[in-house]
Amino acid sequence: MAFATLGLAPNLLQAVADAGYTQPTAVQVQAIPLALEGHDLLVSSQTGSGKTAAFMLPCLQRLMAAGPARLPRVLVLTPTRELAQQVAKASADFAGKRGPRIAVLVGGAPYAVQLKQLRGQLDIVVATPGRLMDHLQRGKIDLGGIQTLVLDEADRMLDMGFIDDIEAIAARLPAERQTLLFSATLDGVVGKLASRMTRDARRIEIARTPEATPKIEQKLLFADGHEHKLKLLDHLLSDIEVRQAVVFTATKAGAEELAGRLEGQGHAVEALHGDMNQGARNRALRALREGRARILVATDVAARGLDVPGISHVVNFDLPMQAEDYVHRIGRTGRAGREGQAYTLAHHREQGKVKGIERYTGTAIPVATLPGLEPKARAAKPASGWKAGEARKRSGKPLQGRSYGNPNAGNPGARRGRPSW
């Protein structure tokens with residue numbers, strides 16, 4: 001099937017061709033004609049399936065056919081600053097030089113720049129819910145002309161605690177509007193939100209494609225004591241290759257203490273642990289996802305379900321209590337097809353725990369050292385390779401079906417991550 005069969009205007013077809021697209025994806029084939037007809041849509045589609053074009057091309061065609069207007073007519077809500085910027089860029093690429101005016105309203109960007117974007121004629125607003133609420137409460141934007149609301153990656157927005165903001169924003173929009181909701185899942189809380197936001201919506205479900213095996217390089221660093229650990233951590237986090245990192249501690253008090261120390265060293269850091277209320281947790285995760293925090297110091301409360309594609313490194317400052325938690329911890333990196341690094345800092349007396357992790361994963365963790373920070377004590381080589389497997393056999397327990405490259409292999413209960421784009 002070709003784009004020409006979907007009902008798009010000639011100028012948009014040319015823009016699509018200029019962008020190098022030849023065949024529409026499955027979500028585009030199903031969503032574009034229905035969106036052009038004005039239907040509300042509930043779309044279950046994974047990141048990378050072409051969903052941005054699926055909702056943006058119909059929006060652009062509707063705008064171009066209607067001509068200029070005083071108020072913005074399209075609102076796209078996204079969970080992160082990076083995704084908002086990508087949506088805005090794709091919209092500008094499809095629309096061309098004479099396309100509609102677009103404002104990007106996201107956290108972590110200067111208000112002055114955004115206020116300048118809001119002056120004069122405006123056609124499309126792409127925003128994160130929190131920053132858009134700020135502008136609404138300040139009376140800087142009028143959403144009374146919105147004809148189409150797009151909720152992009154709705155499940156991630158709800159995971160980040162944006163549900164109240166989304167509903168408050170929707171209450172400011174005209175009741176007679178088109179709503180296009182895109183999410184990896186349409187069940188649970190997302191389904192309830194969809195039922196409140198849409199009317200007679202058409203449902204589209206695109207089958208997921210197999211996910212690439214995460215590429216996570218693991219390293220074990222032995223430390224002589226707590227202060228040595230702190231020096232190792234400081235060296236690791238000072239590396240320019242660390243885009244974002246999660247540092248795991250064993251206790252809540254340890255997470256707060258370490259986060260305070262790192263903050264004092266000038267790191268952009270947030271803490272996350274079980275004593276924090278949900279609002280505080282959401283704020284910490286939002287800072288990480290929006291790029292305002294570079295480091296998250298967390299207990300194992302964050303090991304399961306934390307999905308931030310920008311996390312390049314995981315550091316186990318303290319070993320986990322259970323070997324299974326090690327797998328979930330290191331699985332926070334290597335998301336969305338990226339490569340990840342996982343460092344584990346261990347005292348020499350913790351070699352038994354290290355061996356337990358290696359038996360559980362069936363893989364040795366390579367021992368490494370940092371120049372100038374080598375441990376003074378000599379560590380015995382942890383059990384690895386076939387020896388770890390033999391130890392498991394002798395124990396009478398089956399060897400876990402896990403691999404070095406995929407920390408979730410053999411663990412169907414582990415939540416798999418989704419790319420952010």
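Residues numbered from 1 in each chain as written. Predicted model: local features only at pLDDT ≥ 70, side-chain atom pairs only at ≥ 80, totals over all residues. Heavy atoms only, no water.

**Side note on the overall build of the protein chain**
- Summing up its helical and strand segments, the protein chain has 15 helices and 14 strands in all.
- Out of the 421 residues in the protein chain, the part that is buried amounts to 53%.
- Within the protein chain, contacts between residues separated by at least 24 positions form 74% of all contacts whose residues are at least 6 apart in sequence.
- Accessible surface, the protein chain: about 18900 Å² in total, of which carbon and sulfur atoms supply 50%. (Helix = DSSP H or I, 4+ residues; strand = E, 2+ residues; numbered from the N terminus. Buried < 20%, exposed > 50% of the residue type's maximum accessible area, 1.4 Å probe, protein only. Contact = heavy atoms within 4.5 Å. Areas by Shrake-Rupley, 256 points an atom, 1.4 Å probe, with all protein chains shown as cover.)

**Examining the confidence of the model for the protein chain**
- Averaged over every residue, the pLDDT of the protein chain is 83; the share at 70 or more is 85%.
- Counted against residues more than four places away or in other chains, residues 380-421, with its pLDDT under 50, gives 92 contacts. (pLDDT = per-residue confidence, 0-100.)

**Re the pattern of salt bridges**
- In total, this model carries 13 salt bridges according to the counting rule given.
- One salt bridge connects K89 with D93, and the closest N-O pair in it is separated by 3.0 Å. In this pair, K89 and D93 are both assigned in helix 4 (residues 81-95), four residues apart and thus about one turn of the helix distant.
- What makes K89 exposed here is its relative accessible area of 54%.
- Linked by salt bridges that have partners in common, K51, D152 and E153 make up one network. (Salt bridge = Lys/Arg side-chain N within 4 Å of Asp/Glu carboxyl O.)

**Focus: the sheet that holds strand 8 (residues 215-223)**
- The strand order 10-11-9-12-13-8-14 describes an open sheet built from seven strands, whose pairing is parallel. Whereas interior strands pair on both sides, the edge strands pair on one side only; in this sheet they are strand 10 (269-272) and strand 14 (367-368).
- Across the sheet, helix 11 (residues 252-264) touches strand 9 (245-248), strand 10 and strand 11 (295-298), and the angle it forms with strand 10 is around 175°. (Pairing = 2+ DSSP bridges. Axes fitted to C-alpha atoms, helices over the stretch in contact; angles between N-to-C directions.)

**A word on the side chain of H228**
- Relative to the helices and strands, H228 is located in helix 10 (residues 226-237).
- A distance of 2.8 Å separates the side chain of H228 from the backbone oxygen of L373, its partner in a polar contact.
- Discounting residues that sit within four places of it in the chain, H228 has contacts with F222, A223, L373, E374 and P375. (Polar contact = N/O pair within 3.5 Å; in protein donor to acceptor, adjacent residues only side chain to side chain.)

**Describing the packing of helix 1 (residues 10-18) against helix 3 (residues 51-66)**
- Where helix 1 meets helix 3, the closest approach of the two axes is 10 Å, and the angle between their N-to-C directions is 140°. By the angle class used here, helix 1 and helix 3 are oblique. As for how helix 1 packs across helix 3, the hand of that crossing is right-handed. Packed against helix 1, whose contacting residues are N11, L12 and V16, the element helix 3 presents L57, L60, Q61 and M64 at the interface.
- For the contact of helix 1 with helix 3, the per-class residue count stands at five nonpolar, two polar and no charged. (Parallel < 35°, antiparallel > 145°, perpendicular 65-115°, else oblique. Left-handed = near helix turned anticlockwise from the far one by under 90°. Nonpolar A, V, L, I, M, F, W, Y, C, P; charged D, E, K, R; others polar.)

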